[in-house]
Every structure is written in C-alpha cells, then in structure tokens.
Amino acid sequence: MKVVLQNLTKIFPSRDKKAGKEVVAVNDFSFEIPDGKLIGLLGPSGCGKSTTLYMISGLQKPTGGQIFFGDDDVTNLPTESRGVGLVFQNYALYPHMTVKQNILFPLQNLKGADKMSKKDMLERAYHAAKLVQIEDLMDRKPGEMSGGQQQRVAIARALVKMPRVLLLDEPLSNLDARLRLQTREEIRRIQRETGITTIFVTHDQEEAMSISDMIVVMKLGVVQQIGAPQEVYDNPINLFVAKFLGTPPINVFDGAVKDGKLYIGEEAVLDINGVADQEVTVGIRPEGFVLDDNGPLTCKLTSLEVMGRDVSVVSENAASQNPVVRSIINADNKVDVSAENVKYSLKAHKVFIFNKETEERIYF
C-alpha cells in the first residue's frame, strides 16, 4: 500500500496560553512512501517523528495537509477504519490474557461483514504467531515471557489484522543490545515476507540504517533529508545530517578555504576547486583518514582502541570541535604508540565542508 503525505503539519497549542508560543511538531511534511517498502523515520527526541506516525495512524489529527493510503484520502478517517497495525514502545499487552488471547483480540472486535468465525480467527492467529516464531508460546501470559518475546507478541497482534500499513514506534528501545540486533533482523525478515508497507520510528541511526529501504531524517519538525541509508550517509545535505549519522560520529573541525585549498588550522589538507575563499566547517568521517608519515594533517596522539579487524586512533587537534578526533584504520596498519603526533592524508570523498553560518553543504 502506497502512503502519500501532502504538506502534513501538526501544531500543538502552548501550555502557557498567555505568553507561550504554539509548538510546531511537524512542519509541511510531504513524502511518498512506495508500496511494500520499510521506511525509517529518524531524528532526536522532539523532532516530530512519533507525531508523524500518530497522524498516519489516526491517533492524532493533522493541523493541515492530507494523508493518502493508495488513492484513498484517510486524513479524517478514524484509526479503526484505516487498516493500520500499530506497535508501541511499551508493547501494551493485556497481562491477564494469554499470548493467543492477545493476538486474537483485534479479530474478536471485528463487526458486520468483517466478522470472522472462530476457526478462521485461530488460523489467522497461529499464522501471525508463526511469522514471529512464537507459535510454541501461545498459552503463556506476558509476565512469563522475556522482553523480546513480548515484543514479538505485539508485532503478531498488529499483523493478525493483515493491515494495509504497519507502524512501529520505537519498538526496540526496551531491549538489551544483543536482543535489539536480533529483533531488528526479525522485523526486516517479517516485513519482506509479508510485503506490508512499514514505517519504523527510531532515534537510533544504526537501527534505522540497518533495516530501512529509505530513511527520513527530521529535526524540530522539519524534514532534513530523505534517501537510501547509504546515500544519505555518503552525501549529507547539511551539518546536522552529517553529525547525526555515523558511529563513531563524524569529526568536525573549524576550517577555511584559501586559494583553492582547504585548511584545518594552519595546515592545507586538501586541494578543492570552485569554492570561494571563506571560513567553513569541515566534517571528516572516521574512515576518511589514511595513516601517512608525510600526510598534511597533524594530530596529537592520545591512545589506540583495538576493535579486532579495525583500530580506532584517538587524537587531538586544536581546530577540532569534538573533544577528540577518532579515525578508524585497518588493524594491519602499525601505529607508533610512543610517537607524540600522528599524521594523516585524507580521502576526499569522506571530507565534507559546510557553510559556517547556515550549516548547508558546500559541494566541491
């Protein structure tokens, strides 16, 4: 099911009616979500991603704009008429019901022509349970299950209605690191098997990038960039997107362009063409550094962090906006830990420059 958002806006009134300003949670959001794709809504807390999800679900009414499922305008339809499956962060399972009863519950509330026989409901419930691999746990209650198993029940309950659109609101944030990894892989598998258009809200950029077909990066209710995860990572449109994506995060420096060269501090680190002389902000991905005894960029060596196949070189530079500079190099490269400084050349495609005032990307 294709989902189209047209100029979607949500404004909340101020709590202080005398002096406060209205809060624009989502500002003029337009986007077409292709049929059968998994889309990640990504951004820090308060950026409007969950509000967008709730407007798509019908739990909140837009202040302006329209929502289409296929050719159907669902902007003013109640939630129960939209054909959505919604999975919340806290699972929202009924503790006194078994897994089977929890999954069956949405089907038991169907009325009129949609009402199903008990046999059909059971078949549908066991099919949903099998998709999330909990068919052997149907007689347990939520309190007897792990967090990961409860999350699977919540997903099965959302899937059992065969929704047109599946909406996931921070579904993994209550799980430990290993279980998060396993469960996000399961969500991707389920989405591919069912082919249901899925919208996944998270503040975790690694989570969004690993399973999404496309990501939407948001800040203060405004869409910053939309694209395939790798494309957005490789070509951030502004400094916010560059800083938000990437682990370890991008290294940011105060720099300048002079006579066709990019300077960090007093060092000319890269030849660049077609950019006017100006002060700039420079972003360098951790994998953009190359150990080079004759390299143009000098940093004060602090420590090494061995990560198996890679090594993280931790250093300092007076022009860095980060407390430390982190570069990721292959473990086959030998770093002289007794040296005071480490020198680098740079991979040009891993270096980004941004306008000092607007923080917009400057292309070279």
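The notes below deal with the structure included here. (Residues numbered from 1 in each chain as written. Predicted model: local features only at pLDDT ≥ 70, side-chain atom pairs only at ≥ 80, totals over all residues. Heavy atoms only, no water.)

**Considering the overall build of the protein chain**
As a reminder, the rule being used: We count a stretch as a helix when DSSP gives it H or I for four or more residues in a row; a strand needs E for two or more, and each element gets its number in order from the N terminus. Only heavy atoms matter for contacts: two residues are in contact if any of them lie within 4.5 Å across the pair. What sets the accessible areas is the Shrake-Rupley method with a 1.4 Å probe; for residues, cover comes only from the shown protein chains. Residues scored as charged are limited to Lys and Arg (positive) and Asp and Glu (negative), so that His and the chain ends carry no count. By convention, the point assigned to a charge is CZ for Arg, NZ for Lys, CD for Glu and CG for Asp.
Scanning the protein chain for helices and strands turns up eight helices and 21 strands. Its C-alpha atoms put the protein chain at 75 × 50 × 40 Å along the principal axes. Pairs at least 24 apart in sequence give 66% of the contacts found in the protein chain among residues at least 6 apart. Surface exposure of the protein chain reaches about 18,000 Å², of which carbon and sulfur atoms provide 48%. Measuring between centres, the 43 positive side-chain charges of the protein chain sit 8 Å from its 47 negative side-chain charges.

**Here we look at helix α1 (residues 49-57)**
Short version of the rule: Only protein chains enter the accessibility calculation, which uses a 1.4 Å probe; a residue whose area is less than 20% of its type maximum is buried, one above 50% is exposed, and one in between is partly exposed.
Burial analysis of α1 places seven of its nine residues in the buried class, the great majority of the element. If you check which residues of α1 are buried, you get Lys-49, Thr-51, Thr-52, Leu-53, Met-55, Ile-56 and Ser-57. A positive phi of about 100° marks Gly-58, the residue just after α1.

**Re the packing of helix α2 (residues 99-108) against helix α3 (residues 118-131)**
Here is the rule we go by: Interaxial angles span 0 to 180 degrees and are taken between N-to-C directions of axes, which are lines fitted to C-alpha atoms, for helices over the stretch in contact. Orientation labels follow simple angle bins: below 35 degrees gives roughly parallel, above 145 gives roughly antiparallel, 65 to 115 gives roughly perpendicular, and whatever is left gives oblique. Note on convention: near helix rotated counterclockwise from far helix by under a right angle means a left-handed crossing. Clockwise means right-handed. Residue classes follow a fixed rule: Ala, Val, Leu, Ile, Met, Phe, Trp, Tyr, Cys and Pro count as nonpolar, while Asp, Glu, Lys and Arg count as charged, and any other residue, Gly among them, counts as polar.
The N-to-C vectors of α2 and α3 enclose an angle of 125°; their axes lie 9 Å apart at closest approach. Judged on the interaxial angle alone, α3 and α2 are oblique. Helix-helix and strand crossings are classified by hand; for α2 and α3 the assignment is right-handed. Note on element contacts: α3 touches α2 through Met-121, Leu-122, Arg-124, Ala-125, Tyr-126 and Ala-129, opposite Lys-100, Ile-103, Leu-104, Leu-107 and Gln-108. Looking at the contact of α2 with α3 residue by residue, the class counts come to eight nonpolar, one polar and two charged.

**With respect to the sheet that holds strand β1 (residues 3-12)**
Threshold: DSSP-based pairing: two strands are paired if at least 2 bridges between them are found.
On the basis of which strands lie adjacent, the open sheet formed by four strands has the order β2-β1-β4-β5 and antiparallel pairing. For this open sheet the edge positions go to β2 (23-33) and β5 (72-73), each flanked by a neighbour on one side alone. Across two bridges, strand β4 (residues 64-69) lies against β5 in antiparallel orientation. Within β5, the position partnered with Phe-68 by the bridge is Asp-73.

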